Amino acid sequence: MTTQFKVLERNYPRVDAYEKVTGRATYASDVYLPGMLACKLLPSTRSHARIVRLDTSKAASHPGVRCVVTGTDFPDFRFGSGALRDRYVMPREVVNFVGEPIAAVAADDEAAAQEAIELIEVEYEDLPAVVNPLSAIGSGAATVHPELENYEGYGFTLGHNVSTLLDADRGDVDQAFRDADVVVEDVYRSQGINQGFLEPMACVADVEPNGRLVIYASTQGPYQIRAALASVLEIPVSRIRVVAMELGGGFGAKLRLAFEAFPALLAMKTGRPVKLVNTREEVFTMNGPRLPVTNYIRSGVMQDGTIVAREAYTIFDVGAYLGAGPNSGIGHGIGAYRVPNFRLRSYGVYTNKIYVGSYRASGVADMTFAVESHMDRIAHELGIDPYDLRVKNALREGDVSVSGAVVPTNGLMNTLEAIREKIDWPRDLEDGHGVGLALCEWRSGSGPSTAAISVNDDGTVSLLTGSVDISGSDTSLAAIAAEALGIPMENVVVSKRDTDQAPYTGQSGGSRIVYSQGTAVQRAAENTVEKLTALAAERLGLPEDALGCEDGRIYVMDNEPQGLTFAQLAAASITSRGGPIIGTASLSSMPYTPVFAAQAAEVKVDRATGQVKVLRYIQAQDVGTAINPMAVEGQLDGGVVQGIGRALTEDQQFDPETGAVRNPSFASYLMPLAIDLPELENVLINVPAPDGPFGARAVAEPPGFGPPAAIANAVYDAVGVRIKELPLSGERVLAALNGQNAEIDFDVDALRRAEGVAAD
Amino acid sequence: MKQPLNLNINGENRLMLVEPYYSLLDCLRDDAQLTGAKKGCDEGDCGACTVLMDGKPVTSCLVLAHSAHDSAITTIEGLADVDGLSPVQKAFVEHGGLQCGFCIPGLIMSATGFLQENPNPTEEDVRFAIGGNLCRCTGYARVVEAVMAAAQEIRETS
Ligand code: FES
Ligand code: FES
């Protein structure tokens, strides 16, 4: 590939590759401190109950046990992970789901801690519970949070179990539906999904001799953990240091405070380091996954395929607490299309299940499954080719997005075109084989970002950001710095994250790092060059505009051999000027930059078993400038495989009576293995983003959105059955082939009535 | 009560006192202070704890430490020598076969054990060989590519 760049658009290994392949990378669970205690947790066995008695005396006197804490040992303070402050870090009186930790023990070793846990005596008084979100909305259902209206952050909702309501409206929807030639209506349901990160939640808490708390965390957001810990422990932020260790996968699950407060309080009470590492079962039963989503979607369409109206009602099960959100899904109810009139609603509904968490653009994958399956349904209703229908309605530059932002230049059409070419659409395949499409959209993530670059007197630079490395972002940030400074990658040293050292930054999530943090790095590099140039100008007795910057030196444009290297300038500045040269930049938000991807699945369906096999999976994504194409493709591969898991096998199941997680292990929650997968084909479309660093766009989220719909559409193409519920298990497909394809129950009129919209 | 246990770990004889109920994984991490092998599940489902026991890949969380008495264990820490990375490690670096890295010690050990048995694998063989190793980040594409590249390197240099 020819490139205008010196560093970017080339493949290079990750800056942390050596530590990772040698087993030297240190994750939170790899932290062993002298005198360290082990922490274990006692989970609630009830879905909704009052704790009548919680007796820890036997546990406390068990040999090896150093400390036991329960909810009342924490300050009486409600915190929140999402929009509402709806939970205690450990429940004081009432438990709201099976698995909720109600006591924590610190002991000399794990065995003693676990024995002590089993000695804790609990007596519950059961309260009425509700598990199904569709019934939780109804007035007869038990109430999960009777005090909801008093919670901080509570806004307008329907009350009762409805925690949040998001809406978006445009135009005259009802009139547009009346004018439409055809109306297509569907209900889709997507399943509970676990993030499936390989490193269980882990944390070591220690107390410095001066009483300051140190947390070695497995987190995507060290500053967010610090802030939340300060609130729930009622200590000042300055008394907490969070060290972000190597992160063994998070995908959104490790954005916020999880269990760090338990070892923290135990460490404060014992003066000893305390380590908590969740078992895999605890990961599944205690830490928020994605919960099932039901999507009602209706479109008004003209005979020629033009979509004129869209209505979407989404019910997000949020479980016991709003662990994340409200969800971004609703804004994606029109997909990557121009729809002049829409009414979009999304309800977050409490139930007595494990609380909801974030996962790789929460809610959008559910919405994409609905919207992109629905697009094929419209195409078939009208007898239009599904590809042509997408092209006809796709957003163009200058259109207005759901949020009202104008769509800037982008590669949407190029992604569609690339997919068409790759699969040679339209394909006519033998029976049992099919091809399906999906179009995915996302935006590059924004949020507070900052970076500092200091120039070392050997000519290298140290890059300091507060962003935790997910998806190889350190490597990309180093590349951006190197490009902007005109030095090789190897000359950029990226520091590790520690809230004491790095400047504040937002969480690593939502595909924010490269786009927003990368911009901060680029600007910090530019600021560094300005400072180097100013010093060189002074030293050389020349005006700044006579100087250029290249290959690690500031040179005289009229006389290239004359100049000063970064090393010389750094040394000069340290001894004779204001000290080391440090360039900085900060920003709070970035302009709207969409990311589009088109995907196609080719499948084979076994009519005898209903088994779906993906034979080929292709994605074309507009990534803007590819900072490191190898890493970009790694993101595309990883994301799409998560999406294939969501489409076919992954299914977090809940007991319909108690809401308890029924399959809390990797043996029963089935994520894709190497043997399950087809060859993955990627096409990178490079339409530079007007605002991203050197034109880069976010990458990581959209790959996972498409597979459920693309595969469902391919299954329809193969055997003519439309599956509207995930996963597309053999059992479900077989039932549909046998004509037992149950429609999903959804009383949309009740929701319309509740907000005063005329039902039709 | 802790019992004496003799293991040869990465070429070094170690005599340790280890709890009778400890798994080989816990023994390596807690007692031998080798944290390269990871505990992703402790139930034999993820492969992150894979090490070589007498040359064969095992999920060390399922092996009772004392049942490994007197055997030779190779962990991820034992692969690189003074001359640098092993061919498998090098291939993972060069082909971008890693992201968060938590599964990587296990994957590299599975691949290393497998290539000793079969230095001439098909891509399908590789997929089966690492079929017990979960990776949530990479989608396996680059991992498979890396193992194939390592196989070639091993063939060419042996
Ligand atoms: S930790 Fe041994 S297989 Fe998962
Ligand atoms: S690289 Fe993260 S699980 Fe494999």
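Residues numbered from 1 in each chain as written. Chains lettered and ligands numbered in written order. Predicted model: local features only at pLDDT ≥ 70, side-chain atom pairs only at ≥ 80, totals over all residues. Heavy atoms only, no water.

K.L.:
Hey, could you go over the interface of chain A and chain B for me, with residue numbers and the actual values?
P.N.:
Accessible area lost upon the coming together of the parts serves often as the stated size of an interface. If you look at the interface, chain A gives 48 residues, while chain B gives 44 residues. The contact between chain A and chain B buries some 3,800 Å² in all, and 61% of this surface belongs to carbon and sulfur atoms. Among the residues chain A hides against chain B, the three largest losses belong to Val 21, Leu 198 and Ala 674 of chain A. Together they make up 18% of the total. Across the salt bridge formed by Asp 637 of chain A and Arg 142 of chain B, the nearest N and O atoms sit 3.6 Å from each other. One can count 22 residue pairs in polar contact (both at pLDDT 80 or more) joining chain A with chain B. Every element with two or more residues in the side of chain A that touches chain B is listed here: helix 1 (17-21) and helix 15 (629-648) of chain A. Top contributing element to the side of chain A that touches chain B by residue count: helix 15 of chain A, with 8 residues. Each residue belonging to the side of chain A that touches chain B can be placed in one class, and the counts come to 27 nonpolar, 13 polar and 8 charged. (Contact = heavy atoms within 4.5 Å. Buried area = accessible area lost by both parts, 1.4 Å probe. Salt bridge = Lys/Arg side-chain N within 4 Å of Asp/Glu carboxyl O. Polar contact = N/O pair within 3.5 Å; in protein donor to acceptor, adjacent residues only side chain to side chain. Helix = DSSP H or I, 4+ residues; strand = E, 2+ residues; numbered from the N terminus. Nonpolar A, V, L, I, M, F, W, Y, C, P; charged D, E, K, R; others polar.)

K.L.:
Give a description of the nonpolar core that names residues and reports values.
P.N.:
The tendency in soluble globular proteins is for nonpolar side chains to be buried as a group. Within the largest apolar cluster, 162 residues are counted, with the highest numbers of intra-cluster contacts made by Ile 215, Leu 229, Val 603, Ile 711 and Val 715 of chain A together with Phe 92 of chain B. Apart from residues no more than four positions distant in its own chain, Val 603 of chain A is found in contact with Gly 432, His 433, Gly 434, Val 612, Lys 613, Val 614, Leu 615, Ile 711, Ala 714, Val 715 and Ala 718 of chain A. If you look at the next biggest cluster of nonpolar residues, it comprises 46 residues, including Ile 480, Ala 481, Ala 537 and Ile 627 of chain A. (Core = buried A, V, L, I, M, F, W, Y, C linked by side-chain atoms within 4.5 Å. Buried < 20%, exposed > 50% of the residue type's maximum accessible area, 1.4 Å probe, protein only.)

K.L.:
Pulling in residues and values, what's your account of empty space enclosed by the protein?
P.N.:
Any empty space left between atoms is shown by rolling a water-sized probe over those atoms. In the structure shown here, the tally under the stated rule is 8 cavities of 30 Å³ or more. The volume enclosed by the largest cavity comes to roughly 140 Å³. Considering the residues around the largest cavity, the lining is formed by 16 residues, among which Arg 14, Met 630 and Ala 631 of chain A together with Gly 96 and Leu 98 of chain B are closest to the centre. Among the elements that make up the lining of the largest cavity, the one with the highest residue count is helix 15 of chain A (4 residues). Taken together, the residues of the lining of the largest cavity break down into 6 nonpolar, 8 polar and 2 charged. (1 Å grid on protein atoms, 1.4 Å probe; cavity = no way out; pocket = protein on both sides within 12 Å on 5 of 7 lines; lining within 4 Å. Points joined across faces, edges and corners; volume = space filled by probe spheres on them.)

K.L.:
Outline the confidence of the model for chain B, supporting the account with residue identities and numerical values.
P.N.:
On average, residues of chain B score 97 in pLDDT, and 100% of them reach the 70 mark or higher. Across the predicted assembly, pTM comes out at 0.96 and ipTM at 0.98. (pLDDT = per-residue confidence, 0-100.)

K.L.:
How would you sum up the pattern of salt bridges? Please name residues and give values.
P.N.:
Residues and elements named next belong to chain A. Following the criterion strictly, the structure yields 51 salt bridges over all chains and no others. Of the charged contacts in the structure, one is a salt bridge between Asp 376 and Arg 390, with a shortest N-O distance of 2.8 Å. Taken together, the residues Asp 376 in helix 9 (residues 364-382) and Arg 390 in helix 10 (residues 386-393) connect sequence positions 14 residues apart. You can call Asp 376 buried: its relative accessible area is 4%. Among the ionic contacts, a cluster of salt bridges with common partners joins Asp 174, Arg 298, Glu 311, Arg 343, Asp 749 and Arg 752.

K.L.:
With reference to specific residues and values, describe helix 7 (residues 261-270) of chain A.
P.N.:
Residues and elements named next belong to chain A. In terms of burial, helix 7 is a largely internal element, 7 of the 10 residues being buried. Those residues of helix 7 that sit buried are Ala 261, Phe 262, Pro 263, Ala 264, Leu 265, Leu 266 and Ala 267. Remark: Gly 271 follows helix 7 within two positions and exhibits a positive phi of approximately 70°.

K.L.:
Before we move on, can you summarise the domain arrangement of chain B with the specific residues and values?
P.N.:
All names here are of chain B. When cut into domains, chain B gives domain 1 (3-78) and domain 2 (87-157). Listed per partner, the contact involves 17 residues of domain 1 and 15 residues of domain 2. Buried area between domain 1 and domain 2, summed over both chains or domains, comes out near 1,100 Å², and the portion from carbon and sulfur atoms is 65%. Summed over the shared surface of domain 1 and domain 2, the number is 1 salt bridge. A salt bridge links Glu 117 to Lys 56; the nearest nitrogen and oxygen atoms lie 3.7 Å apart. Our enumeration of links across domain 1 and domain 2 arrives at 2 residue pairs in polar contact (both at pLDDT 80 or more). Per element, the largest residue contribution to the side of domain 1 that touches domain 2 is 3 residues, and it comes from strand 3 (residues 50-53). Among the residues making up the side of domain 1 that touches domain 2, the classes are represented as 6 nonpolar, 7 polar and 4 charged. (Domains from an automatic or database assignment.)

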